[in-house]
Amino acid sequence: MTDAGPVTDAGPLTEVCPARGTAHFWPVDHLPELEFDPLLHRLLREEPIARIRLRFGEGEAWLATRYEDIKELTSDPRFSRELTVDRPVTSMTPHVVAPVGGIGRTDPPDHTRLRRLVAQAFNRRRVARLRVETEEIADRLVDAVLDQGPPAELTSALTGPLPEQVIGRLLGVPAGDLGLLQGWRAVILSSDHSLAESNGVKAEIAGYFRTLAEHRAAHPADDLFSELVAAHGAGALSRPELISLSVMIVLNALDQIRNQASTMVYTLLTHPGQLAWLREDRTRLPAAVEELLRFIPQRNGVGMPRIATEDVTVGGVTIRSGEAVYVSYLAANRDPTVFAGPDRLDLTRTDRPPNLAFGHGAHYCLGAALTRMQCEVVLGTLLDRLPGLRLAVPAAEIRWRRGTVNRGPETLPISW
Ligand code: HEM
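The residue numbers shown here count from 1 along each chain, following its written sequence. Local features in this predicted model are restricted to residues of pLDDT 70 or higher, and side-chain atom pairs are both shown and tallied only at a pLDDT of 80 or more, whereas totals for entire chains, interfaces and linings draw on every residue. Based on all heavy atoms of the structure, the side-chain values leave hydrogens and waters out of the count.

Visitor: Tell me about the pairing of strand β3 (residues 49–53), and please be specific about residues and values.
Guide: Classification of residues uses two cut-offs on accessible area relative to the type maximum, computed with a 1.4 Å probe and protein chains only: under 20% is buried, over 50% is exposed, and between them is partly exposed. By the criteria applied, helices consist of DSSP H or I runs no shorter than four residues and strands consist of E runs no shorter than two, each listed in order from the N terminus. For β3, the tally of buried residues reaches five of five residues, placing the bulk of the element in the interior. Taking every second residue as pointing to the same face, both faces of β3 are buried, with I49, R51 and R53 on one and A50 and I52 on the other. In this scheme, strands are said to pair when DSSP sees at least two bridges between them. Sheet topology places β3 next to strand β4 (residues 61–64); four bridges connect them, and they run antiparallel. Residue pairing across strands places I49 opposite A64, the latter belonging to β4.

Visitor: Requested: an account of the coordination of the iron atom of the ligand, with residues and values cited.
Guide: Donors, by definition, are the N, O and S atoms found within 2.8 Å of a metal, the threshold being 3.2 Å for Na, K and Ca, and water is not counted, so a site can look incomplete. Coordination of the iron atom of the ligand by the protein comes from a single atom, C365 (SG), at 2.2 Å. Examined against the element boundaries, C365 turns out to sit in the loop between α13 (329–332) and α14 (368–385).

Visitor: I'd like to hear about the pattern of salt bridges, residue by residue, with values.
Guide: Should their charged atoms come close, side chains of opposite charge can pair. Just to be clear on terms, a salt bridge is a Lys or Arg side-chain nitrogen sitting within 4 Å of an Asp or Glu carboxyl oxygen. Evaluated as defined, the whole model comprises 23 salt bridges. Here E291 ties to R352 by a salt bridge, and the two come within 3.5 Å at their closest N and O atoms. Pair noted here: E291 is in helix α12 (residues 285–295) and R352 is in the loop between α13 and α14, with a separation of 61 residues, a long-range link. Relative accessible area serves as the criterion here: at 24%, R352 is assigned to the partly exposed category. For R399, the salt bridge is made with E410, and the minimal N-O distance between the two is 2.4 Å. In this pair, R399 sits in the loop between β11 (390–391) and β12 (413–415) while E410 sits in the loop between β11 and β12, placing the two residues eleven residues apart along the sequence. Connected through shared salt-bridge partners, E291, R294, R349 and R352 make up one network.

Visitor: Kindly report on the sheet that holds β12, identifying the contributing residues and their values.
Guide: Read across the sheet, three strands follow the order β6-β12-β11 without closing on themselves; strand pairing throughout is antiparallel. Of all strands in the sheet, those with a lone pairing partner are β6 (152–153) and β11, marking the two edges. Where β11 lies against β12, two bridges are found, and the strand directions are antiparallel. Counterpart to L391 in the pairing with β12 is I414.

Visitor: I'd like a description of the site of the ligand, backed by residues and values.
Guide: The environment of the ligand is formed by 26 residues, the closest being H111, R115, Y329, H363 and C365. Any pair of N or O atoms that falls within 3.5 Å is considered a polar contact. Within protein, one atom must be able to donate a hydrogen and the other to accept it, and sequence-neighbouring residues count only if both atoms are side-chain atoms. With respect to the ligand, the side chain of Q256 contributes an N or O atom lying 3.3 Å from a nitrogen atom. Here an oxygen atom of the ligand and a side-chain polar atom of H363 are 2.6 Å apart. For this classification, Asp, Glu, Lys and Arg are treated as charged, while Ala, Val, Leu, Ile, Met, Phe, Trp, Tyr, Cys and Pro are nonpolar and the rest, including Gly, are polar. Split into classes, the residues belonging to the shell around the ligand amount to 13 nonpolar, ten polar and three charged. Being near a molecule or strand, for a residue, comes down to having at least one heavy atom within 4 Å of it.

This is the structure we're talking about:
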């Protein structure tokens, strides 16, 4: 695994500014299994607010890695997301995954308005109501696994189809169309496709949701998409906002929960002592899920940057007005000043401050409750129904996704 470290030689990757420190070139290489990014590990300890330069875009940006600095930065309204639109900030992907006008790239008051419209759908009460239905879906999927007998492939048997069916119901995407969305997801969320490919797929998705919106406007149903279409009809949401919000929700729901739940199963199966502790008492499941969320490196690189609207001092470093800053929530979750022995999975942790896997501040993940619930259902169902669960191949033979934003096993062969 390459860790380019600080770039100090003269050359195209070098950008040394004595007052601002030396930029670290961060290629964001493929990391297998649960390996933690070594550059993040080092910066967290040696240079918690550092200058970085990624493979694409222009110039440099700041990268914050410490838990407290990140909490401060992400709750400070002097950092803007809207200002990243049309700015070629140094980036790990050749184009920005999130669409312009998308919820992740807006500031108040637009951001507040958009969140209000969808927050209802994802709040804890609504997600709690969805749990029973999710458990039924999980049971049916596991019935099929048991009927077929060992071995099975978990991502195609359970962790892929479960979130697909749940988001299909919540949003109101017809079941027959989910495969289509999966194909688009694969292109958009890979980090090495061309801008033309990505734009082509985005146009196809937008076309799909435009047609669905016309249908729902004429035949409203009891689902989130119909609610959003009604909000559009009432003038509370523009058409591009309606489309980009739906795309964002579907892409996240399909990709992230599959990866997260699969990686949680893998992590438990490769930490048998921890799994045994969990098996002793099922009420430990929510705490176990929190520790798994803290420990698992869910993604490669970093998410979207923010732009300072005035000079702001964080962690002893002044970020000047107009400068871009990234935060690494993964690094925050491994901050040794906050979590004792941060690189160790320890389901029994008691002095546990909230992990930052779902972010912090105004842009805190809308899908957090939905993800937690589905991960609990997956793990709970497997613990109950496949007590002898184990990997069907040696851990070293599991293939991990490459060239994607989100990390996870490509396939997870299991036996019992
Ligand atoms: C393991 C699963 C997931 C993880 C680790 C995760 C993580 C995150 C993070 C770190 C952010 C950004 C915080 C920031 O910008 O500062 C975010 C935002 C967001 N997530 Fe998730 N997410 C997950 C699943 C989901 C799911 C399932 C959905 C939808 C159903 C979803 C929808 C969103 C949306 C809409 C935003 C943007 C919120 C805003 O900008 O106001 N996420 N997520």
